[in-house]
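# Architecture and fold: a report
The lines below spell out each chain.
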There are 4 protein chains.
Amino acid sequence: MSGNTFGVLFRLTTYGESHGPALGGVVDGCPPGVALSEAVIQRELDRRRPGSGGLTGTARKEPDAVRLLSGVFEGATTGTPIGFVIENTDQRSRDYEAAKNLLRPGHADGTYLSKYGRRDYRGGGRASARETAARVAGGAVAGAMLAPLGVEVLAYTVEFGGIACAVKDVAAAADRPFCAADPDVVPVWEARAREAMASGDSLGGVVEIAATGVPAGLGEPVFDKLDARLAYALMGVGAVKGVEIGAGFAAARLTGSTNNDPIVNPPESNNAGGILGGVSSGQPVIARAAVKPIPSIAVPQRTTDTSGNPAQIVVGGRHDRSAIPRVVPVLKAMVLLTLADMVLLQRRIRP
Amino acid sequence: MSGNTFGVLFRLTTYGESHGPALGGVVDGCPPGVALSEAVIQRELDRRRPGSGGLTGTARKEPDAVRLLSGVFEGATTGTPIGFVIENTDQRSRDYEAAKNLLRPGHADGTYLSKYGRRDYRGGGRASARETAARVAGGAVAGAMLAPLGVEVLAYTVEFGGIACAVKDVAAAADRPFCAADPDVVPVWEARAREAMASGDSLGGVVEIAATGVPAGLGEPVFDKLDARLAYALMGVGAVKGVEIGAGFAAARLTGSTNNDPIVNPPESNNAGGILGGVSSGQPVIARAAVKPIPSIAVPQRTTDTSGNPAQIVVGGRHDRSAIPRVVPVLKAMVLLTLADMVLLQRRIRP
Amino acid sequence: MSGNTFGVLFRLTTYGESHGPALGGVVDGCPPGVALSEAVIQRELDRRRPGSGGLTGTARKEPDAVRLLSGVFEGATTGTPIGFVIENTDQRSRDYEAAKNLLRPGHADGTYLSKYGRRDYRGGGRASARETAARVAGGAVAGAMLAPLGVEVLAYTVEFGGIACAVKDVAAAADRPFCAADPDVVPVWEARAREAMASGDSLGGVVEIAATGVPAGLGEPVFDKLDARLAYALMGVGAVKGVEIGAGFAAARLTGSTNNDPIVNPPESNNAGGILGGVSSGQPVIARAAVKPIPSIAVPQRTTDTSGNPAQIVVGGRHDRSAIPRVVPVLKAMVLLTLADMVLLQRRIRP
Amino acid sequence: MSGNTFGVLFRLTTYGESHGPALGGVVDGCPPGVALSEAVIQRELDRRRPGSGGLTGTARKEPDAVRLLSGVFEGATTGTPIGFVIENTDQRSRDYEAAKNLLRPGHADGTYLSKYGRRDYRGGGRASARETAARVAGGAVAGAMLAPLGVEVLAYTVEFGGIACAVKDVAAAADRPFCAADPDVVPVWEARAREAMASGDSLGGVVEIAATGVPAGLGEPVFDKLDARLAYALMGVGAVKGVEIGAGFAAARLTGSTNNDPIVNPPESNNAGGILGGVSSGQPVIARAAVKPIPSIAVPQRTTDTSGNPAQIVVGGRHDRSAIPRVVPVLKAMVLLTLADMVLLQRRIRP
């Protein structure tokens, strides 16, 4: 309602700025009896940690250590809210003093100012990708709830810097550079990345998320369709500019007879992405997110200062050169959070 | 929460099946003093009426006459909820008796059965596109609220049956066949449509929605970003399988230096689609939705009956051959509803 | 959120003014397979109909016939939203023309004007007790869902015009004058009522609501405790100025040793009203609501007109002389709606 | 929705158990520019701290020091969520080991077990009154937002151990023993308290909360009336068993002519408690809450163990002998939170 709570029954509320004392969140609605520990959450957090995944330009070194504050007793959830906190330990706010009156192109500086009338300019404040650490922590709790139900979510990069790859070996993608869906593309993407970095520029890509073991029947017609809620979840991640389900935009170019998945056992196609009429069919749920290139670049850009005067900016500070691969566990977390909520919602209908 | 209410402060709750007595809804939260009448709503409803827009195969003839039941007094809203109803008048349920035990590929028949355990099989029941009439009515109320604020929303088709067109003359698109963004493409698309209809097949397309006059500052970080809420709104429309904001998937292929919109006056580009950090920038808000081909086709398809036996189906009944153009006013309505909600939400911050 | 929706998972959204075309609502979230018909709802509506219960002064004659518009198929709910409408048929708006610029003491005339800046003055508009018809209809759906689970709700008057009675034979109270909890008090209350009517005055009372068969475990700590939600539900009915659970205000005067219910089988007391820590215990849930005297009286009162000038008013129109007994089925409905919601919420935890 | 979030636009989400690592919360929706610091919150927290107010039996010594984690920049709120944490420092969980299999009468032990199937038995876990510290912190933020608008909330005890007092000097009540509304009653109440403590028993009372400066127009008809939301807010505090607005239960015994407040300037009475039709009138908003005696008593009680066997219990641990006065700032906080939310909701209508 006020923007920082996600979900209806399985709910994540988050807080925290890039350069404030800490960030964290509250998971409310996780059923009792789910095995949970700081280690379970930490494992996921480590995947989005600065410096993870091989190719990033950031120099910020955060341990991103999570601390559980409530809701877990004798190794499992109690059904009460799960508070957690991640301290900010490596803040260099001076980096941002210099440019505090310049609006960075592609960033939320100007829009936050329009919205709130004032802003914490240090490292983007709340608009920093740093807030996604709390999403990953929340997603880990959702994952802990879903795993015993047989629901598994994988996320992997299928395109980087304009170069697509095959979807070949996704089970190991999380441990691969770029979280690439195909090991063979890694050297090609590395070359593309070096090229961009050399020119001070940044790159984007496309991430696919696949959920298997999703029971049929999830999704709340008509507005809270499973695909609608997934689109909301994924598009709410900072860098995402597009979301597809199943065949996605390609479906718009097919005819009904080629797009419809015949209902046969075993299934022969999955253009629907596991969702029909907004409700899961039992086939894998497939979504894709378009990730824009990171707006912080070393290339000089034309902009305006907070007084409205034209200016030029070269964005300093410590930045990744692509949201990939660090955004990959974030997108996975958003799908886990969505599915956990939908599983609980469906229980009211078929307990 | 239970799926049939949209919005936080400007809320639309809808009900109604394809072949029940009526469909309708309640708009709650519309501020007092908005000029409103049945005629204002009827004008929008007429645009999605069966047979509208030129190319449709449906034979169902519904006047879709809306009746206002509350919330309007002496020509304007009072601030109390606005109830409305649209009677179903041309139901031929017999059309569906024959195939009630066959799951139609691409439809929600099987997933609704998984979800609810039983279903109103007549014409798809609640899963019928007929429910979108209530969305259009609700969107008309949102439009009546937004118009005096200078917010205007246009929706137009930019691709049909795999053939894209220029975005040339969108102001008149609503009255053009296919709601085409370019008058010159109409004969080409008509040929494409005739070809598909001749083979009993169906087609999809891509619809763009553009909102101008949107004040800067709308959108609720971090989860309820304006783009997240738009993605939710659009993906929640039955036939939609993909949503883009601004440059969308193309942004994933650009570099930061080419994707970033320089902050200059007047603006030179709008790759961000009028949204940065999830908050509107004051530039036009641009979204695109991928519309899949209608799953009801006259081509024989392999399927399964409700007892799990393999079967073949040829979908009878009265059906359009494409959701385009009838889905166009629906997508416009969803954007209007989203913006109305976001305008009210922002008032709490900067009244 | 915008005031006209009640509940989280079992949700009732209502609309309608006293003198508009119709009032009605949407029940969203009722599980599939609940036996439901217009007759089931009509039976409850008839209990709050003008002229019901013996002692009322109203001359308005409304059949209050409910029409189901969706969500029911072959005699049972489908899981989709249940729309219903009740036409207004006996409106005499002229009655209110005369006094449209006078604020009636004890009524919402002035506060609605402060809130919305304009108002439908005919019969109180949305602030009329007439809106409770939609609550009763919604409550009947909740009751239909709860009955097969063994949950039963009774409501009965335990005090009228300052005269309390014993709680003696509540099963038949609904068919008794005043819905009195004790048949012997009826002639006493009738005398009290005649006395008040003779002087053009009005009376209030206290209604108790008892729910049996409520499973242990309902209620959502810490804010959405079962008692908190019941207090919200009951205090939201127009005439209610106080709510108690179990021993209520009397508990504040007891010591711990006399107020605590010993945990023995069978139970020996129920000071807790079936709720401990905000969660149902399995004992009957007991609530009481204080109902103020109806503010519309024939006695001259000092007031102010809408321009701020002092004035005198004698309220004309057709009015009951007490909200009792017509408010009794309304309070019952609110408890049914609350319990239905809490039952569904608990399913997510222990399905 | 899942019980631990309060409010629609001004939202407080809390977490924390009595004997877990910490408790805390997130305030989401506080507008930007509100002056806020840890000191502002700490001042309110100190009022509900163990040992505060004179008469309590608790030996637990907690500093209850609040730490702000986000949402405040350069001394004022930014509009982003305000995270805060209060560490638990004085936990003696061993106190509870002995009785972990005994259900304490008047406590939530058994109902939580029914609800969740397992529980953190140490000190009542989430059901401990300790959770109210997070409410007080949230309420302090609400108070900081409301103060510049001229809204002030006072809370004071008007009855203790069955002995009522006059409402005489409430401005100083917060600093007086029992937060008594009348200084003269203090020695009488102290005698009553000593008497109860001598017998190992506990006492309850009645707290009144008065809000002045509340603008006319707050409250959302029909379900989210201001009084309904206040009843929900107050009844959701653990020990509360009854809530009244204005004349409350006494109104049920008046006639319309004596209960109606004449609309005159200045006002002559306030039986309505500042609320008509669920909307604030501009007069002071007056509510009262019945607080039950604390269930933890040294008197032996009959109970049942978690295996269902009869048992006797004498509740050890460190406990207050009355929720008064520590509950007083909690009830004040709940009214502040409710009013802050209602102020923001009203801005959407009359910005």
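About the criteria used
Residues numbered from 1 in each chain as written. Chains lettered and ligands numbered in written order. Predicted model: local features only at pLDDT ≥ 70, side-chain atom pairs only at ≥ 80, totals over all residues. Heavy atoms only, no water. Least-squares fit on C-alpha atoms with pLDDT ≥ 70 in both. Contact = heavy atoms within 4.5 Å. Pairing = 2+ DSSP bridges. Helix = DSSP H or I, 4+ residues; strand = E, 2+ residues; numbered from the N terminus. Axes fitted to C-alpha atoms, helices over the stretch in contact; angles between N-to-C directions. Buried area = accessible area lost by both parts, 1.4 Å probe. Salt bridge = Lys/Arg side-chain N within 4 Å of Asp/Glu carboxyl O. Polar contact = N/O pair within 3.5 Å; in protein donor to acceptor, adjacent residues only side chain to side chain. Buried < 20%, exposed > 50% of the residue type's maximum accessible area, 1.4 Å probe, protein only. Left-handed = near helix turned anticlockwise from the far one by under 90°. Nonpolar A, V, L, I, M, F, W, Y, C, P; charged D, E, K, R; others polar. Arc of directions from axis to C-beta. pLDDT = per-residue confidence, 0-100.

### Observations regarding the relation of the copies chain C and chain D
Superposing chain C onto chain D requires a rotation of 180 degrees together with a translation of 0.0 Å along the rotation axis, leaving an RMSD of 0.0 Å. Interpreted geometrically, this transformation is the action of a two-fold axis. Proximity to the rotation axis, assessed at the C-alpha, singles out Y232 of chain C in chain C; its C-alpha lies 2.3 Å from the axis. Of the residues that chain C buries at the interface, 100% are likewise interface residues in chain D, meaning the two copies contact each other through the same surface.

### What about the sheet that holds strand β14 (residues 285–291) of chain C?
Pairing is antiparallel in the open sheet, where 10 strands are placed in the order β9(C)-β8(C)-β10(C)-β14(C)-β11(C)-β11(D)-β14(D)-β10(D)-β8(D)-β9(D). The two strands at the open ends of the sheet, each matched to only one other strand, are β9 (163–164) of chain C together with β9 (163–164) of chain D. Across two bridges, the pairing between strand β8 (residues 152–160) of chain C and β9 of chain C is antiparallel. In the strand pairing of β9 of chain C, F160 of chain C is matched with I163 of chain C. Strands in contact with helix α6 (residues 226–235) of chain C are β10 (205–212), β11 (240–245) and β14 of chain C together with β11 (240–245) of chain D; relative to β11 of chain C, the strand with the most contacts, it is inclined by about 155 degrees. Where helix α5 (residues 186–198) of chain D meets the sheet, its contacts fall on β8 (152–160) and β9 of chain D, and the angle it forms with β8 of chain D comes to roughly 60 degrees.

### Quick word on the interface of chain D and chain A
The accessible area lost on association of the parts is a frequent measure of interface size. At the interface, 44 residues of chain D touch 44 residues of chain A. Of the roughly 3600 Å² buried between chain D and chain A on both sides combined, carbon and sulfur atoms contribute 56%. Contact with chain A buries area across many residues of chain D, yet Y15, F73 and R118 of chain D alone supply 20% of it, more than any other trio. Counting every contact that joins chain D to chain A gives two salt bridges. The salt bridge involving E87 of chain D is made with R67 of chain A; its shortest N-O contact spans 2.7 Å. Inspection of the region where chain D meets chain A yields 16 residue pairs in polar contact (both at pLDDT 80 or more).

### Concerning unusual backbone geometry
Excluding glycine, residues mostly have negative phi values, and the peptide bonds linking residues are mostly trans. I324 of chain B connects to P325 of chain B through a cis peptide bond whose omega is 15 degrees. By the secondary structure assignment, P325 of chain B is in the loop between β16 (310–313) and α8 (327–347). Positive phi, normally seen in glycine, also occurs at F178 of chain A, with a value near 65 degrees.

### A word on the pairing of strand β11 (residues 240–245) of chain B
Taking burial as the measure, the six residues of β11 of chain B include six buried ones, the bulk of the element. Bridge analysis of strand β11 (residues 240–245) of chain A against β11 of chain B gives three bridges, and the strand direction is antiparallel. Across the sheet, G242 of chain A pairs through a bridge with E244 of chain B, a residue of β11 of chain B. One ladder, built from five bridges, connects β11 of chain B with strand β14 (residues 285–291) of chain B; its direction is antiparallel. Counted as the bridge partner of V240 of chain B is V291 of chain B from β14 of chain B.

### Observations regarding the packing of α6 of chain C against helix α8 (residues 327–347) of chain C
Residues and elements named next belong to chain C. Their axes nearest at 9 Å, the elements α6 and α8 cross at an angle of 145 degrees. You can see that α6 and α8 cross each other, and the crossing is right-handed. Residues L226, R229, L230, A233 and L234 of α6 form the contact with α8, whose own contacting residues are L331, M334, V335, T338, L339, D341, M342 and L345. In the contact of α6 with α8, the residues fall into 10 nonpolar, one polar and two charged.

### So, helix α3 (residues 109–116) of chain D
Turn by turn, an α-helix covers 3.6 residues, leaving residues three or four places apart pointing in a common direction. Every buried residue belonging to α3 of chain D is among D109, T111, Y112, K115 and Y116 of chain D, and all of these are buried. Buried residues of α3 of chain D fall within an arc of 165 degrees about the axis and therefore sit on the same side. Structurally, α3 of chain D contributes buried residues whose contacts are with β12 (275–276), β13 (279–280) and α8 of chain C. G117 of chain D sits one or two residues past α3 of chain D and shows a positive phi near 85 degrees.

### A word on the pattern of salt bridges
Pairing between side chains of opposite charge can happen when the charged atoms of each approach one another. Going through the model one piece at a time under the given rule, you end up with 84 salt bridges over all chains. A salt bridge links E244 of chain D to R288 of chain D; its shortest N-O distance comes to 2.9 Å. Residue E244 of chain D is found in strand β11, and its partner R288 of chain D is found in strand β14 (residues 285–291); the two are separated by 44 residues along the sequence. Judged on exposure class, the residue E244 of chain D and its partner R288 of chain D are both buried. The salt bridge involving D320 of chain D is made with R326 of chain D; its shortest N-O contact spans 2.9 Å. For the pair shown, D320 of chain D and R326 of chain D are each scored as buried. Linked through salt bridges whose partners overlap, the residues forming this network are R48, D64 and R130 of chain A.

### As for the environment of V26 of chain C
Relative to the assigned elements, V26 of chain C resides in strand β3 (residues 22–28). Sequence-wise, V26 of chain C and P81 of chain C are 55 residues apart; in three dimensions their C-alpha atoms are separated by 6.4 Å. In this structure, V26 of chain C is in contact with T13, T14, Y15 and V26 of chain B together with R11, L12, T13, P81, I82, G83 and F84 of chain C, ignoring residues within four places of it in sequence.

### Some remarks on the pairing of strand β14 (residues 285–291) of chain A
Counting buried residues along β14 of chain A, seven of its seven residues qualify, which places the element largely inside the surrounding structure. The alternating pattern of β14 of chain A places V285, A287, A289 and V291 of chain A and I286, R288 and A290 of chain A on opposite faces, both of which are buried.

### Looking at the sheet that holds strand β4 (residues 66–68) of chain C
Think of a sheet as strands paired side by side through backbone hydrogen bonds, with each pair either parallel or antiparallel. Residues and elements named next belong to chain C. Across the sheet, five strands lie side by side as β1-β2-β3-β7-β4; this open sheet has antiparallel pairing. Pairing within the sheet leaves two strands with one partner each, and these edge strands are β1 (5–6) and β4. Bridging between β1 and strand β2 (residues 11–16) involves two bridges; their strand directions are antiparallel. If you follow T5 over to β2, its bridge partner there is T13. Of the strands in this sheet, β4 and β7 (82–87) touch helix α1 (residues 38–47), which is tilted by about 155 degrees from β4.

### A look at the confidence of the model for chain A
Residues and elements named next belong to chain A. For chain A, mean pLDDT is 93; residues scoring 70 or higher make up 94% of the total. Note on residues 52–57: pLDDT under 50 across the span, and 21 contacts to partners over four residues away in sequence or across chains. Across the predicted assembly, pTM comes out at 0.97 and ipTM at 0.97.

### Some thoughts on the interface of chain C and chain D
On the chain D side, the residues contacting the 103 residues of chain C number 104 residues. Here chain C meets chain D over a buried area of about 7700 Å², counting both sides, of which 58% is carbon and sulfur. Area buried by chain C at its contact with chain D is led by K115, F223 and K241 of chain C, which between them contribute 12% of it. Counting across the chain C and chain D interface gives six salt bridges. Its salt-bridge partner being E159 of chain C, residue R253 of chain D comes within 2.5 Å of it at the nearest N-O pair.

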